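Secondary and tertiary structure notes
Now for the letters of each chain:
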Amino acid sequence: SGLFGLAAMRPEIHAGEVTIFRPFLDISRARLAETIAVAGLVPVEDAMNADPRFARARLRRIMPLLVADGIDPAGLAATAGRLAQAAEAIDAVAGGLIAAAVEVDDMAVGAIDAALFFAAPREIWLRSLSRLLLAVGGDLYPPRFERLAGLADDMQAHDGRSRFKRTLAGTVI
């Protein structure tokens, strides 16, 4: 998952005049069920939550074993919260790197100052590159880490004299 995947979902999303609160990681399932019942709401069960093809379903099945070893949902939620804070910090620094090292024209063609860009710590320039790919290519989700890291390593190693052309996330680099 990497840092951003392990940070879990943001607890609030603002969509126009509606605020969506989720995923309630720090509230027990029993408490959520009680709150729903008291509110007179009908709960919706997502069948994918029990589908063993998904890691979250497999983890829920072994959760009692994890709890026995001191790894409980509250602790995992707290860790996800701390990882979210770290992810936000990296994202803020990545935004600064983009502002300093990238010029984008009216046609969404970007030019990266490679010396400045790759002088930053690796996690920062990987996040910056991911954000650039999403912005230019228009994908909803970042590319897989292995592909992103491979592209970034190729870019960093490029001598600047020969032709360089790659594609990733709907973007020609």
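Coordinates for the structure precede this section.
Below: a short report on this structure.

Reading guide: rules and limits
- Residues numbered from 1 in each chain as written.
- Predicted model: local features only at pLDDT ≥ 70, side-chain atom pairs only at ≥ 80, totals over all residues.
- Heavy atoms only, no water.
- Pairing = 2+ DSSP bridges.
- Helix = DSSP H or I, 4+ residues; strand = E, 2+ residues; numbered from the N terminus.
- Polar contact = N/O pair within 3.5 Å; in protein donor to acceptor, adjacent residues only side chain to side chain.
- Contact = heavy atoms within 4.5 Å.
- Patch = residues over 30% accessible without salt bridge, like charges linked within 9 Å, V, L, I, M, F, W, Y side chains within 5 Å.
- Areas by Shrake-Rupley, 256 points an atom, 1.4 Å probe, with all protein chains shown as cover.
- Salt bridge = Lys/Arg side-chain N within 4 Å of Asp/Glu carboxyl O.
- Expected span 1.5 Å × (residues − 1).
- Buried < 20%, exposed > 50% of the residue type's maximum accessible area, 1.4 Å probe, protein only.

Summarising the sheet, strand E1 (residues 12–15) and strand E2 (residues 18–21) pair through four bridges and their orientation is antiparallel. Opposite His14, over in E2, you have Thr19 as the bridge partner. In this structure, the hairpin formed by E1 and E2 is closed by a connection of two residues, where Gly16 is found at a positive phi of approximately 70°.

Moving on, we come to the side chain of Thr171. Within the element layout of this structure, Thr171 appears in strand E6 (residues 171–172). Within the structure, Thr171 has its side chain in polar contact with the backbone nitrogen of Gly137 (distance 3.3 Å). Apart from residues no more than four positions distant in its own chain, Thr171 is found in contact with Leu133, Val136, Gly137 and Arg166.

Among the surface-exposed residues, Ile13, Val18 and Ile20 lie close enough to one another that they form a single nonpolar patch of about 220 Å² accessible area. Position of Val18 relative to the elements: it lies in strand E2.

Moving on to helix H4 (residues 73–101). With 29 residues, H4 should cover 42 Å at 1.5 Å per step; its first-to-last C-alpha distance of 41 Å lies within 8% of that length. Those residues of H4 that fall on the buried side of the exposure criterion are Ala77, Ala80, Ala87, Ile90, Asp91, Ala94, Leu97, Ile98 and Ala101. On its buried face, H4 is in contact with helix H1 (2–6), strand E3 (102–104), strand E4 (110–112), helix H5 (114–117) and helix H6 (122–137).

As a further point, take the environment of Glu103. Residue placement: Glu103 occurs in strand E3. Accessibility expressed as a relative area gives 63% for Glu103, which makes it exposed. Taking the C-alpha atoms as reference, Glu103 lies 8.4 Å from Asp113; in sequence the two are 10 residues apart. Apart from residues lying up to four places away in sequence, Glu103 is in contact with Val109, Gly110 and Ala111.

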